[in-house]
Amino acid sequence: MASLSCRRWVHQEPFVEFRCHTGTSCLFLAWGNMKSGARALLGVVNIQFCPVLAQTSGGGAAFLRMGRAVQPPGLQDKVLSLEALAMDQKGYRRGSFQSSTSDEDMLEIAGASLDFSMADDDPPLDREMGGSLAGLIDISAHWMTDLKEGVCLAGFWFNHEHCCWKSNTTFTDRDKCPEWESWSQLILGHGEGAFAYILNYFMYVIWALLFSLLAVLLVKGFAPYACGSGIPEIKTILSGFIIRGYLGKWTLIIKTITLVLAVSSGLSLGKEGPLVHVACCCGNILCHLFTKYRKNEAKRREVLSAAAAAGVSVAFGAPIGGVLFSLEEVSYYFPLKTLWRSFFAALVAAFTLRSINPFGNSRLVLFYVEFHMPWHLLELVPFILLGIFGGLWGAFFIRSNIAWCRRRKTTKLGKYPVLEVFVVTAITAVLAFPNEYTRMSTSELISELFNDCGILDSSKLCEYVNDFNSTKGDDLPDRAAGPGVYTAMWQLALALIMKVFITIFTFGMKVPSGLFIPSMAVGAIAGRLLGVAVEQLAYYHHDWAIFSGWCSQGADCITPGLYAMVGAAACLGGVTRMTVSLVVIMFELTGGLEYIVPLMAAAMTSKWVADAIGREGIYDAHIRLNGYPFLEAKEEFSHKTLAMDVMRPRRNDPPLTVITQDSMTVEDVETIINETTYSGYPVVVSRESQRLVGFVLRRDLIISIENARKKQDGIVSTSVIYFTDHSPPLPPSSPSMLKLRSILDLSPFTVTDQTPMEIVVDIFRKLGLRQCLVTHNGKLLGIITKKDVLKHIAQLANQDPDSILFN
């Protein structure tokens, strides 16, 4: 095997570069001289037929001016053992590459082969097959997103990144690896020229339309509840309202499939909100396996609270943030035992996701960042400006989206969900393809915006004018922006305008659609634009008073990626009005624990600004738009009304429909069921005394009577129904009695007629009640339902009570 000669070309902290030559190929190595003493391999480029070779007396060492390079996935953490490369060489010692010898020292590795195989970093495909739904959704969405642009010849199931993982191409040409071919290369045989561009454009739009149409047709045909985010409905269910079928198995199956299709279509939506719905479906289905949870709504709601925490945990890789999200945003009642159960559920979910490793970077977090410079106190000013922008964007988005969704519900537009999805997808795809920042998936876009530019980054955002002689310490200094940065800026500005408006029409369509990622993308773009502007201002005007104290020439002062992270938190907070859970999710999501204060400042500013324009977050606004019976736990009831002012029946109303405990026949009860639509009926001793015995649900009555007619002999329409412990002996000629004591709730929640409504509202909120009975000295007077409470609150606020009814 031919010998390999290497030469240390640059020894400038924090990196040492070696250029090697092996006849027809050049190898570029940049060894990071880390503080810990480890030598981490930062970049390897294998370039066939080097254009520039500087022959030296050492036997062919190559001088190669590298422009840009891209790190292959996983290489930034890969520590290469130098002993393995030259284990047969005499006189080699462990610290030779860090010695103080001259820059002309040569290292000869005869008969050695530098094989930088990525086999150890391949994703564990065998474990993906049996992984959780979250990992499956992540992996499938990544593959189908790349399918719009091309296909992998080595295996069609590989996405672009995995397909090019083992390629021997250059870093700069990594996206052009021979294993991956665009649709124009596959069909025409070449990828250059106007016709090839048009063909790729056409295939991108066709695949996007195919994915979105398949998603909306599956939702419309099999599970209408699988559309949307699901968080408004989960909040309503956890408040005590039942939406039958919303957490069923068909909804789970269809939402899992269509979520992948919707995300892959390139629509401006995310998968994080729908994953909360998916997790709650799993929790609800598992509840049916255990009698303890199947027959107890309160305990089932505790499981759903824990499931919501697990959903956010797998969506973002943020288990603590998931627990706080369930506490702050979703759950109605969150006792201490639910807290630790949610914590355990989030832990297991995060562990499962980590074992699958869907992101392929051996990390749990979605957008890992590694900023080295601390932020300065004066940077709080632009951070607060980002918070103001996030609040304004949140208020604008909520008003615009609710207005569009109201138009959808009240006009003929709502009758054509397939056509709406088709038109919005077509517009999105046509506008997205020409701009590389809208063509890529939103998660990739956010990851690139969060990235801190290094010497080996190839993104346009990192095309600065490099001056290696000014490098100090472990970080690159602030540099003048190159042409690539200015091109990226106007492309990002166009992407920002598109994201702002297209998201308004996308959220709420009849496909699974989350709002976390699109909101973060808007904020991240705005933050990166502001960060680059401040960075260039500090570079060209470092002598200004605001910079002179902390940002000298050649120092690394401004981190644009940090501004993108703060902007993402601000916009997400402006839309959802989250505070504590938002900050925790953001620093778990990025690993940026050092930047909690900027995140807190931006989140609070965005909430204050958005609340000044409108009090409702996006989920509360959709709850009100859909007319769900939801009592907002964050608002106080300060009026002096009593329970008797709200209960039904009112004056001049027909009497309350009741069932007596031992004097009504099967026919009488069936008549009451057929003539009314109530979900339950009070049971009293007799119509004369009206003494309350208990409460029986309509559904239990229907099922019990049907089963008795089929399985019990002698049950006819004239059979008497008894809700008592003991029944009197019947004459031989009379039909059999029907005992239904087992379905009777003997402890229904009751209040007296003089109970203040402030207490009644608090009881409904904290216990998630659907109704409570009103008594006076044990005598039944009426009933109060959650809808009665909502109507009463609307009347006191001078609103139309009928406008809040659930439809």
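Cut-offs and rules
- Residues numbered from 1 in each chain as written.
- Predicted model: local features only at pLDDT ≥ 70, side-chain atom pairs only at ≥ 80, totals over all residues.
- Heavy atoms only, no water.
- Helix = DSSP H or I, 4+ residues; strand = E, 2+ residues; numbered from the N terminus.
- Buried < 20%, exposed > 50% of the residue type's maximum accessible area, 1.4 Å probe, protein only.
- Pairing = 2+ DSSP bridges.
- Contact = heavy atoms within 4.5 Å.
- Axes fitted to C-alpha atoms, helices over the stretch in contact; angles between N-to-C directions.
- pLDDT = per-residue confidence, 0-100.
- Salt bridge = Lys/Arg side-chain N within 4 Å of Asp/Glu carboxyl O.
- Expected span 1.5 Å × (residues − 1).
- Patch = residues over 30% accessible without salt bridge, like charges linked within 9 Å, V, L, I, M, F, W, Y side chains within 5 Å.
- Areas by Shrake-Rupley, 256 points an atom, 1.4 Å probe, with all protein chains shown as cover.
- Phe/Tyr/Trp six-rings, centres within 6.5 Å; stacked < 30°, edge-to-face > 60°.
- Disulfide = S-S within 2.5 Å.
- Core = buried A, V, L, I, M, F, W, Y, C linked by side-chain atoms within 4.5 Å.
- Parallel < 35°, antiparallel > 145°, perpendicular 65-115°, else oblique.
- Left-handed = near helix turned anticlockwise from the far one by under 90°.
- Nonpolar A, V, L, I, M, F, W, Y, C, P; charged D, E, K, R; others polar.

Caption draft 1: Up close: the overall build of the chain. The helix and strand inventory of the chain stands at 28 helices and 16 strands. For the chain, with 807 residues in total, the buried portion stands at 52%.

Caption draft 2: Structural detail: the sheet that holds strand E8 (residues 659-660). Read from one edge to the other, the open sheet built from three strands follows the order E8-E10-E11, with strand pairing classed as mixed. With partners counted over all chains shown, the strands left at the sheet margins are E8 and strand E11 (692-697), one partner each. Bridge count between E8 and strand E10 (residues 680-684): two bridges; the pairing is parallel. Residue Thr660 lies in a different strand from E10, and its bridge partner there is Val684. Relative to the sheet, helix H26 (residues 698-711) contacts E8, E10 and E11, its axis offset from that of E11 by approximately 75°.

Caption draft 3: Just the confidence of the model for the chain, in detail. The pLDDT averaged across the chain works out to 78; a share of 77% of its residues lies at or above 70. Ranking the elements of the chain by mean pLDDT puts helix H2 (residues 125-128) last, at 26, and helix H15 (residues 417-432) first, at 95. Overall, residues 1-131 carries pLDDT values under 50, and its contacts beyond four positions in sequence, including any with other chains, amount to 239 contacts.

Caption draft 4: Here's a closer look at the pattern of salt bridges. All chains considered together, the criterion is met by 15 salt bridges. Asp620 serves as the salt-bridge partner of Lys235, at 2.9 Å between the closest nitrogen and oxygen. Of the two residues, Lys235 is situated in helix H7 (residues 231-238) and Asp620 in helix H24 (residues 618-626); the sequence distance between them amounts to 385 residues. For the pair formed by Lys235 and Asp620, the shared burial category is buried.

Caption draft 5: Examining helix H18 (residues 483-506) more closely. Under the 1.5 Å per step criterion, the end-to-end length of H18 is 34 Å for 24 residues, consistent within 8% with the ideal 34 Å. Phi for Gly508, located one or two positions after H18, is positive at around 110°.

Caption draft 6: Representation of unusual backbone geometry in the model. Looking along the chain, the bond that leaves Arg648 and enters Pro649 is cis, with omega of 5°. Turning to its location among the elements, Pro649 is positioned in the loop between H24 and E8. For Gln690, which is not a glycine, the phi torsion comes out positive at approximately 55°. In this structure, Gln690 sits in the loop between E10 and E11. When its relative accessible area of 17% is taken as the criterion, Gln690 is described as buried.

Caption draft 7: Fine view of the sheet that holds strand E13 (residues 738-739). Strand order in the open sheet made by the three strands is E9-E12-E13, with mixed pairing throughout. Both outer strands of the open sheet, strand E9 (664-665) and E13, are each paired with one neighbouring strand and no more. In this sheet, strand E12 (residues 720-722) lies alongside E9 in antiparallel orientation, the contact comprising two bridges. Counted as the bridge partner of Thr665 is Val720 from E12.

Caption draft 8: Representation of the pairing of strand E16 (residues 779-785) within the structure. With respect to burial, E16 is a largely interior element, five of its seven residues being buried. When strand E15 (residues 771-776) meets E16, the two strands line up antiparallel, connected through six bridges. Looking at E16, one finds that Thr775 is bridged to Leu780. Here E15 folds back onto E16, and the loop between the two strands holds two residues, one of which, Asn777, carries a positive phi near 55°.

Caption draft 9: How the structure looks around helix H8 (residues 249-264). In this model, H8 (16 residues) spans 23 Å end to end at C-alpha, consistent with the 22 Å of a helix rising 1.5 Å per residue. The buried fraction of H8 is high, at 12 of 16 residues. All of the buried residues along H8 are Thr251, Leu252, Ile254, Lys255, Thr256, Thr258, Leu259, Val260, Leu261, Ala262, Val263 and Ser264. Lining the buried residues of H8 we find helix H3 (133-147), helix H6 (194-222) and helix H9 (272-287).

Caption draft 10: Looking closely at a nonpolar patch on the surface. Together, Val381, Ile384, Leu385, Ile388, Leu392 and Ile613 make up a nonpolar patch on the protein surface, roughly 490 Å² of accessible area in all. In terms of residue count, the dominant contributor to the nonpolar patch is helix H14 (residues 380-410) (five residues). Within the secondary structure, Leu385 is located in helix H14. On the accessibility criterion, Leu385 (48% relative accessible area) is partly exposed.

Caption draft 11: Region of the structure containing the packing of aromatic side chains. According to the stated counting rule, one finds 20 aromatic pairs in the structure shown. Summarising the aromatic geometry, the rings of Trp207 and Phe211 are spaced 5.5 Å apart at their centres and angled 40° between planes, so their arrangement reads as tilted. Highlighted residues: Trp207 and Phe211, both in helix H6, separated by four residues, approximately one helical turn. Residue classification places Trp207 among the buried positions, given a relative accessible area of 19%. The exposure class assigned to Phe211 is buried, which follows from its relative accessible area of 5%. Of the aromatic side chains, those joined through ring pairs into one cluster are Trp143, Phe156, Trp157 and Phe158.

Caption draft 12: Structural view of the state of the cysteines. Here the structure, examined in full by the defined rule, presents zero disulfides. The thiol of Cys281 is not disulfide-bonded; the next cysteine sulfur, from Cys282, is found 6.9 Å away. A relative accessible area of 1% means that Cys281 is categorised as buried.

Caption draft 13: Expanded view of the nonpolar core. Ranked by internal contacts, the top residues of the largest apolar core, which has 153 residues, are Phe316, Phe450, Met520, Met586 and Ile784. Per element, the largest residue contribution to this core is 11 residues, and it comes from helix H21 (residues 560-576). Counting 20 residues, the second-largest nonpolar core is a separate cluster that includes Ile659, Val666, Leu701 and Ile715.

Caption draft 14: Representation of the packing of helix H19 (residues 516-540) against H21. For the pair H19 and H21, interaxial distance at closest approach is 6 Å and the crossing angle is 140°. With respect to their mutual orientation, H19 and H21 come out oblique. Where H19 crosses over H21, the handedness of that crossing is right-handed. Classifying every residue of the contact of H19 with H21 gives 14 nonpolar, seven polar and two charged.

Caption draft 15: Up close: the side chain of Asn435. Mapped onto the fold, Asn435 is located in the loop between H15 and helix H16 (436-439). For Asn435, a relative accessible area of 9% corresponds to the buried category. The contacts of Asn435, once residues within four sequence positions are left out, are Gln491, Leu494 and Ala495.

Caption draft 16: Looking closely at the environment of Ile427. By the secondary structure assignment, Ile427 is in helix H15. Classification of Ile427 as partly exposed rests on a relative accessible area of 42%. For the pair Ile427 and Val205, spaced 222 residues apart in sequence, the C-alpha separation works out to 9.3 Å.

Caption draft 17: View of the side chain of Ser342. Note on placement: Ser342 falls in helix H13 (residues 336-356). With residues near it in sequence (within four places) discarded, Ser342 still touches Ser305, Ala306, Ala309, Val323 and Phe334.

Caption draft 18: Structural view of the pairing of E10. Burial within E10 is extensive, with five of its five residues counted as buried. Going residue by residue along E10, you find Gly680, Pro682 and Val684 tucked away on one face and Tyr681 and Val683 tucked away on the opposite face as well. Where E10 meets E11, five bridges bridge the pair, whose relative direction is antiparallel. Within E11, the residue paired with Val684 across the bridge is Leu692.

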